[in-house]
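# Architecture at a glance
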Number of protein chains: 2
Amino acid sequence: MSQTSHKILNTLRQMIVSGELPPGMKLAEIPTAEMLGVSRTPIRSALATLAQEGLLERIHQRGFHVRHISKEELVGAVEVRSVLEGLAARQAVESGLSAAVLDQLQACLDQGDQLFVKGHITEEDIAHYHDINKRFHATIIAASGNPAIEPALARNEHLPFASPNAIRFDRHALDREYQRFAYAHQQHHTVVDAMRRGQGARAEALMREHAHVTIRYVDVDDLTHLPDTVN
Amino acid sequence: MSQTSHKILNTLRQMIVSGELPPGMKLAEIPTAEMLGVSRTPIRSALATLAQEGLLERIHQRGFHVRHISKEELVGAVEVRSVLEGLAARQAVESGLSAAVLDQLQACLDQGDQLFVKGHITEEDIAHYHDINKRFHATIIAASGNPAIEPALARNEHLPFASPNAIRFDRHALDREYQRFAYAHQQHHTVVDAMRRGQGARAEALMREHAHVTIRYVDVDDLTHLPDTVN
DNA sequence: ATGTTCATTATTGTACACAATTTAGGTCTG
DNA sequence: CAGACCTAAATTGTGTACAATAATGAACAT
């Protein structure tokens, strides 16, 4: 895939998740190609990829529709992430944690502590925490030694809110968001504690519960509007 | 996707899983197109799909390699299936089982009982059980009401042995295989029992354990040769 | 002799023309 | 008036020429 092809894929993906191309809208090759000023070829490949990611739905011999992401789907995706990240935590413990992995996890904990010690957060802090959070989860998945977990999570990565890479937050209620992120960070502490003690089942259970934080404080009905997210 | 395009995708997929195209082999568009007597266009789309399925690996600007499926990957895929099917069983219980679903599951149990009551199995029986098994698992996943489970399992479906749709069996040791399938069928009974009683956590645990039957009796090192499978 | 640069070659990426297929609409017939 | 069939239009699927890009090897300079 070339530079321009990549750009077109990202452009279309952004247009879909931002709602510029609303759910149900038909996407045919020729109009889309004309809209973006390229030929049908890169459009074909982009549409196929987006269908694979679950953002588009193929209509038999008739192009694609922008898929309507239902509430059930988002809630279900959080459940899927929950059990898969739980599995990762347990397998990471069972396969024996290296000092390097523990160091990386501890670094995430320390950096988060520094962020929350001052008792409130700014937008900038949230971006920083987003980073720490991403590293924390990626480290555990990598440490699991199970190469099948990441691909199984791949589809979720493209659904907003179903991925830890897309923490939703409300810019206008930073107090409440402080509570939520601080709580999530405390859960990180408990997960690492369980992992250090070799408590695989406990680590799994804690990680499962942790996944629900993404969505717990959110009115799920609002999610269909796809409001501001980090990343 | 048209008829011929579909056929080419399936042909290439079959050639890969059968080992006709061995792991590590380079697949360029032009030679592949000439080999199958079509133009590069349907080949491009097929290769992209197969890469998405995990059978091919994209080399930057240089075509694809047939991926080497490692032992870790197969074992990991079974673990992933384990937790996801466990989740499905639990959510099916939690969301309330309809009479129709229970009837379908009971039908799978009854049909399996009939198969095993005579104390031995034939190759034909295995094909039949394969069918029953597929229905059993699909029913529970559908009954979970979680639309995110199926796509998360999708990648596994294309890895031989990681899917219940690809039960491995040894044609020359039907006695041992009888034991294995009869045991798996008994597990189906216990899962349904837990589900009927509304025991979500038990159903989850039993279903998790059940997933391991696929691989438990198998010398994992043999898997790299991709021997006979049903489907 | 070795390292760097340039040209050649192999291969993917893009554009576009043409073929095939499906849907829709209109007309003809019972 | 209704239903079926046929024709036309729209849209995807395929083939192929051409452009862009990256790897390889050769030649030159240090």
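Please refer to the structure higher up on the page.
Think of each chain on its own: its residues are numbered from 1, step by step along the sequence as written. Chains and ligands are labelled sequentially in the order written, the chains with letters from A and the ligands with numbers from 1. With the structure being a predicted model, the display of local features is reserved for residues of pLDDT at least 70 and the display and counting of side-chain atom pairs for 80 or more, all residues being used for whole-chain, interface and lining totals. Water and hydrogen atoms were dropped before computing side-chain values, which therefore reflect all heavy atoms in the structure.

### So, the relation of the copies chain B and chain A
Here is the rule: Here the copies are superposed with least squares, the fitted atoms being C-alpha atoms of residues at a pLDDT of at least 70 in both. Contacts are assigned to residue pairs with any non-hydrogen atoms lying within 4.5 Å of each other.
Its rotation angle being 180°, the transformation that places chain B on chain A also includes 0.0 Å of axial translation and leaves an RMSD of 0.1 Å. Given the turn and translation reported, the copies of this chain are related as if by a two-fold rotation axis. Scanning chain B for the C-alpha nearest the rotation axis identifies B:Ala152, at a separation of 2.4 Å. Comparing interface residues between copies, 100% of those in chain B also sit at the interface in chain A, which points to an isologous, same-surface contact.

### Section: the interface of chain B and chain A
By a widespread convention, an interface's size corresponds to the accessible area lost as its parts come together. Threshold: Salt bridge, as used here, is a side-chain nitrogen of Lys or Arg placed within 4 Å of a carboxyl oxygen of Asp or Glu. N or O atoms within 3.5 Å of each other form a polar contact, as long as, within protein, one can give a hydrogen and the other can take it, and as long as residues adjacent in sequence are counted only when both atoms are side-chain atoms. Runs of E in the DSSP output that reach at least two residues are strands. Runs of H or I that reach at least four are helices, and both are numbered from the N terminus.
With 24 residues of chain B at the interface, the matching set in chain A holds 24 residues. Summed over the shared surface of chain B and chain A, the result is two salt bridges. With a closest N to O distance of 2.7 Å, A:Glu204 and B:Arg208 form a salt bridge. The tally of links from chain B across to chain A stands at four residue pairs in polar contact (both at pLDDT 80 or more). Elements that contribute at least two residues to the side of chain B that touches chain A include exactly helix 4 (71–94), helix 7 (149–157) and helix 9 (200–211) of chain B. Among the elements that make up the side of chain B that touches chain A, the one with the highest residue count is helix 4 of chain B (eleven residues).

### Description of helix 8 (residues 174–196) of chain B
Our working definition: Take the number of residues in a helix, subtract one, and multiply by 1.5 Å to get its expected span.
Here helix 8 of chain B contains 23 residues, and its C-alpha end-to-end distance of 32 Å stays within 8% of the 33 Å for a straight helix at 1.5 Å per residue. One or two positions beyond helix 8 of chain B, positive phi appears at B:Gly198, with a value near 75°.

### As for the sheet that holds strand 3 (residues 64–66) of chain A
All names here are of chain A. Here is the rule we go by: Pairing between two strands is assigned when DSSP locates at least 2 bridges connecting them.
Ordered in space as 1-3-2, the three strands form an open sheet in which the pairing is antiparallel. Taken across any chain shown, the strands that pair with only one partner, and hence form the sheet edges, are strand 1 (26–27) and strand 2 (56–58). Examined bridge by bridge, strand 2 and strand 3 share three bridges and lie antiparallel to one another. What sits directly across from Glu57, in strand 3, is His65.

### Description of the environment of A:Glu73
Position of A:Glu73 among the secondary structure elements: in helix 4 (residues 71–94). For the pair A:Glu73 and A:Leu159, spaced 86 residues apart in the sequence, the C-alpha separation amounts to 9.2 Å. Here A:Glu73 is in contact with A:Arg67, A:His68, B:Pro147 and B:Ala148, once residues within four sequence places are set aside.

### Description of the side chain of B:Arg67
Residue and element names in this part refer to chain B. Considering the arrangement of structural elements, one finds Arg67 in the loop between strand 3 (64–66) and helix 4. At 2.7 Å, the side chain of Arg67 forms a polar contact with the backbone oxygen of Gly54. Setting aside chain neighbours within four positions, we find Arg67 in contact with Pro23, Gly54, Leu55, Leu56, Glu57, Glu73 and Arg155.

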